[in-house]
Structures are given as structure tokens and as C-alpha cells.
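Now for the letters of each chain:
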Amino acid sequence: MPRKKCPTGWLSYSLKLFIPIGLYLCFLCLQEAEVKNVKFDAYHYYDDGATYTTLNLSASTIPAFTLTAILPFTQASLFGVEEALESLLGPSQLREIILLCPLAATVQARNVIRNIISSHPDSPDIRVQVFPRESSSRTIHAASQVSGWVLMLDQEGLTGENMHSRRILLQPPALSFPYGPKGICFSLFGSLEPCIRKSVGFPQEAHHLLPPFVMPAVLATPLKTVSPTDDVWRILGEHVAASRTDGIGGVVFGTKVSIESQVQSLEQALGIAGNYFDGLALPTPKYPGIFVVVLPTFEDFHWNRPHIDISIITNNRPQSLARLLSSLSNAHFYGDTVDLRMNAEQSADEETLKIVHDLVWPHGTVFIHHRIVQGGLMPAVVESWYPCSNDSYGLLLEDDIELSPMFYAWAKMALLRYRYGLPSNKSPRLFGISLYQQKNVELLPEGRRLFNARILFSRQGLLDYTTPYLSPIPCSWGAIYFPEHWREFHAYLPLRLSSQFPSKTSHLDPTAITIVPNVRSNKWTKSWKKYFIELVYLRGYVMLYPNYPDFISLSTNHLEVGSHVKVRTQEKQKEFMVPLMETANCSAVELLDLPARTLPNWDTLPVLNLTGEMATIEELAETGRVRREELIGCTGNYAPFDIRQFVCIART
């Protein structure tokens, strides 16, 4: 493949970007905002089209128990509702939280509320309100039925807001108009655009606000003529503006962010193609030779939330371990803290243990786990990592893996898009992110078959055959696993291997029960992947895979002799090894060699089944539902990630 021509003229782009940023950082020095008596000394100020308001925003905090939070969710966002509720707990003026949910999710919603109340007995009242259809207008309708002040939320709750914004929103000043950290404002030329300078301490007039924001409940007039395609927040803002002499639909308050953290955020955020500099590549002096671009604003706001832990499983291959650690040391982490866990088997040789003990890791803490009883590969992998929160992600690496310097950029880009991006780009079906690009389909009963996603998608007539894709096959050669799914797997595995596992063939040895029909993994009795594939099959889960040209990947496997590889031949290595993506600015393949130079929306990603054929998410889920009923005789609704409820075992 020919090498790309290096971009030129970046200096002019840099000047265009960093001159306004420099002005912006000057104003950051001036910001001050107190919570108990929120006082913004405001005046008109114009910069890049932003208008900062002359309104007097001095006000005392609203009385206690006069604030109602309205949190909507859908069937698709159910897996995140407990986290969204938890973001509302703590010091606040809340009287109650109204949980808006579809009829089909009421049982799950009440289960979540029980969990919250049991773990937070001092929480505000939480009640469920059912709406027959999903739309933003239901939030406004619910707000019109309460008194005092309302905190208008989307499905994220306050999970994406920093502590300063949370304090203002939960202990808000008694103002007569909507106010919050995000909105749509008038530009200098009169058009509408996202309110810029979101972190400036000056309040900014807005045409309308976007959740989360607080307003007096009396402003929430039910919208009688709203269609599903209408922008209800814009309609609400115009309604508010029409009732005011100053004609504003709301005010965006400043977010209290230090200059140091803002500079760091800008350095980090120059990452993925975004709304304002789509595809623009800029060099950064902190990381010479690396070209980066700008993240979409919404996703960049969550940059510091996901925390990736690296867990390495090693035994007696010191040369392989040294190669893996060398590739890690050459990777780019963009200032993030990344903790490292070293898991050494009981039989690890002295040279391997010396490498482990002498390891210097500048990016975070190092934890060393040395088994005293031989565990074998299944417990070595499964017990190597366990998430500490729903923002904790595990990168599981056996020691014969090697990483691309760009692996972390790919992982972070995908996490921000599909875990912290727009609600439409998030799904509880996604269980992880592969760094490795598939060259074979391994699960066919007749044996493995060569596979090329680009050829398949081209033959299927996809508009862009270069797109990443979704597959239910868990990758063991470098992949990020998500916390909820890994916890569920931890619950599934001991149940699956015990006599408690429900089955119409319960007289059989548990390991003899076939969960997934007609796949080779049924013979992998000592592999954790056999059982993860079972869980994935029953649940309809999928993993994101890269799809770069020539199988260029973010990780590769050297197919060293070990638990599953008894004979290593050049022919076998050729079947599985893939080239790694380089760092160099002008490399033949770059991270943003994607459709429209960004990750696609969730609903446009192609989906494969376990045997590498085209499918849909709905088909995978239905296949699992039918098999669950056949195998266990279990029907009905079930809570996300609750395996005992999923297999209809009552809790004791």
C-alpha cells in the first residue's frame, strides 16, 4: 500500500486553533462562582460570537425539599439507570426523583429503586412514572405536574458533569429562568450553534438549554403540538423567551475548571475527528511524531471517566513477556493514569519473575499477583481482573501478545463513542473492544476458515466496507472487557460448572451440557472462552472489532507454545499474526482511516454471528432467547447483568 502524503500547512491551522484558545484561557483566570450564594458579576461580552449576559444572577439557594429531578430512560438505556440515579445522591435540595420509564421496563425500574434505597437509605423519594411512548416531551409534561423547581435530565443523569456543576444543579440558586452547563446560543451572525466557551466563568445567554438544567416548574407548559421529530428543548426555550422581556431562553453558567486541567484536557482532547475540526490533524510537541485531531465536544467531556486497567497473564515465557512489556512502554497514554496488574503462575520460572519484580511502570500503580497453587489458564485469565466500578475496564493480555503504540488511542476512542457518547450510540449488548482483527473464523464445526471482513462487506453491498463491525466472538488476543459483562461472567461461570445450573438435561455432568449448538468451542473444556461464548450466545452480546486494510491491528499474537498451542509452525503463525499499526505521521494506515474519519454510529455497524455470517443485533438476541427457553424452560423479562434471574434461579 502506498504511503500517505504527509499533511502540510499545519502551522496555519495551529494558529487558528490556539489563538482563540489562548484568549479563552486568559478569561479562565477570572472565573469565580460560589454555590451557596451563587453570584456572577455579569456584563455583555462578545467573543467568537458568544454573548455573555448582563442579567443579575445573584440569588440565594432554593429552600430545602423544593427541587424535583426528572430522569427519563428507555429499554435501551436501562443498564445505566442505576448509575444515573446514583449521580443525583448526596447533598441536595431534592424532594423527589421521578423515574420516567416505558411500561415494559417497570419491573426492572422498581428493582433498581430497591437497590438504591437499600444502599442509600437517606436518598430522596424515588417514584416510577410510566409513559406509553419515548420522547423528550414526556420530561416536560412530567415537570408541568410538580411545584417548586425542576431538574431536567436526560438518560445520563449527572454522570457526565463535574462536581462543580453537580453542586449548582443539586443546590441551585432561586432564579426565574432555566440555567445549566449546556445550551444552544446565537452566533455573532445570528445562527444557532452549541454554546462555546463552556468552561468560562461568565454566564452566557442561550436560545435554549440542553439537559441537565434547572428551572422553575411553572415554566414547564405541556407541549401539545409536538411531533417525534421536533426539538422539544428548542420549543421550550422559545416558550420561555416569549414570556420574558429580555427574550432569552436560558442561561449557561460557567464550569469551574482550572487552567492547568483545561490545558491538559486540550492536549488530551486533540484526539478524534470532531464537530469543529473534522479530520484536522495537528502535531503536538508533547508527543513528537504523533498526529492527533479533535474529539466531539460531548465525548471529550467524559475523557477522564473511563479507567483502563491492564492485566498481564504470564508463566514461563520471559522473552515473550519482555516483548509485550516493550510494546507497552512504546504506547501512547496521553497523560492518563493506567494501572498494571502482573499475574504470574505458580510455575513461573526465575527469569520471568525477575522481569516482573524489576518492572518500572511510569503510568500508574503496579500490582503483582503470584499464585501458590497451579491454576491453569482458565482461572489465570478469569481471576486476573475484576472491575471496581462501572467506569473500570480490563485489558487482558497473555504474554505472547504484542501491542501497537496506538492501541490505547483506539480503545479510548471507542469507549468514548460507545460508552460515553450519545444515548443512541450506547447499548448494553456491547461487551468489549477488540484490538485484534480477525483473520479466521474458528467456530465452524468443520474447522477454521479464512476470513476477511472487508471482502465480506463488499460482497454484501455495504456502502462502506472499511467500517468496524460487531461480532459475538470474544477476543483473547488483546481486548478491553466491560465491567458489567465481566461481573456477569464471574457469576455465570461457577453457576455453569455446578449442579445448580438449571437444565432439562440436569442429569448430565454440567460440563457435558451443550449451550451453543454446532460450534467448535464446545470442545474447549479448559478454555474460559468456551463459557464466555455461551453467555454471549444466550444474551445476544457483541464485541467491537477493527477493520483496517491488510489486517492492520492494534495487537497481534505470536502463537507461542503454551496451554493451547502445542506445536508452533511458520504456517500456523502466518494464519494468525497480523501487522501492527505504527505511530509515524505518514504511515500507510492511520487510526482515522475510518468511514468519514470517525467511528460510525452504533446503528450503522455491521453485525456478524458466531460463524462469521451477516446478522442483526435483534437476530442474535432472539436466537439466545429461544435457546434459553429450550434449554432451561425459562421465559419472561429479566434484569440486565443478573445471571441468576436470567436462568430463573431464585435468590436465597
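Located above this text is the structure these notes cover.
Residues numbered from 1 in each chain as written. Predicted model: local features only at pLDDT ≥ 70, side-chain atom pairs only at ≥ 80, totals over all residues. Heavy atoms only, no water.

Colleague: Before we go on, may I ask you to explain empty space enclosed by the protein in this structure?
Modeller: Rolled over the atoms, a probe with the dimensions of a water molecule shows which regions are left empty. Counted according to the given criterion, the structure contains eight cavities of 30 Å³ or more. Computed from the structure, the largest cavity encloses a volume of approximately 260 Å³. Forming the walls of the largest cavity are 19 residues, and the residues nearest its centre are Phe79, Gly80, Glu83, Glu156 and Lys426. Top contributing element to the lining of the largest cavity by residue count: helix 2 (residues 81-86), with three residues. (1 Å grid on protein atoms, 1.4 Å probe; cavity = no way out; pocket = protein on both sides within 12 Å on 5 of 7 lines; lining within 4 Å. Points joined across faces, edges and corners; volume = space filled by probe spheres on them. Helix = DSSP H or I, 4+ residues; strand = E, 2+ residues; numbered from the N terminus.)

Colleague: Help me understand the packing of aromatic side chains in this model?
Modeller: Any two aromatic rings considered together are summarised by their centre-to-centre distance and by the angle between their planes. Inspection of every chain in the model, using the stated rule, returns 28 aromatic pairs. Considering the side-chain rings of Phe407 and Tyr408, the 6.3 Å spacing of their centres and the 85° angle between planes classify their relative orientation as edge-to-face. The two residues Phe407 and Tyr408 agree in class, both being buried. Each ring, one from Trp410 and one from Tyr548, has its centre 6.1 Å from the other, and the planes form 70°; the classification is edge-to-face. In this pair, Trp410 is assigned in helix 12 (residues 407-418) and Tyr548 in the loop between strand 28 (542-545) and strand 29 (555-557), connecting sequence segments 138 residues apart. Grouping residues by exposure puts Trp410 and Tyr548 together as buried. Between Arg419 and the ring centre of Phe482, over which it is positioned, the NZ or CZ distance is 4.7 Å. Sitting above the plane of the Phe646 ring, Arg628 keeps its charged end 4.6 Å from the centroid. (Phe/Tyr/Trp six-rings, centres within 6.5 Å; stacked < 30°, edge-to-face > 60°. Buried < 20%, exposed > 50% of the residue type's maximum accessible area, 1.4 Å probe, protein only. Lys NZ or Arg CZ within 6 Å of the ring centre and 35° of its normal.)

Colleague: What is the right way to read unusual backbone geometry from this model?
Modeller: Most peptide bonds take the trans form, and the phi angle of most residues other than glycine is negative. A cis amide bond links Pro211 to the next residue, Pro212, at an omega of 5°. For Pro212, the location among the structural elements is in the loop between strand 13 (208-209) and strand 14 (213-216). Phi is positive for Tyr334, which is not a glycine, with a value near 55°. Mapped onto the fold, Tyr334 is located in the loop between helix 9 (318-329) and strand 19 (340-344). For Tyr334, a relative accessible area of 9% puts it in the buried group. One non-glycine residue with positive phi stands out, namely Arg597, at about 60°.

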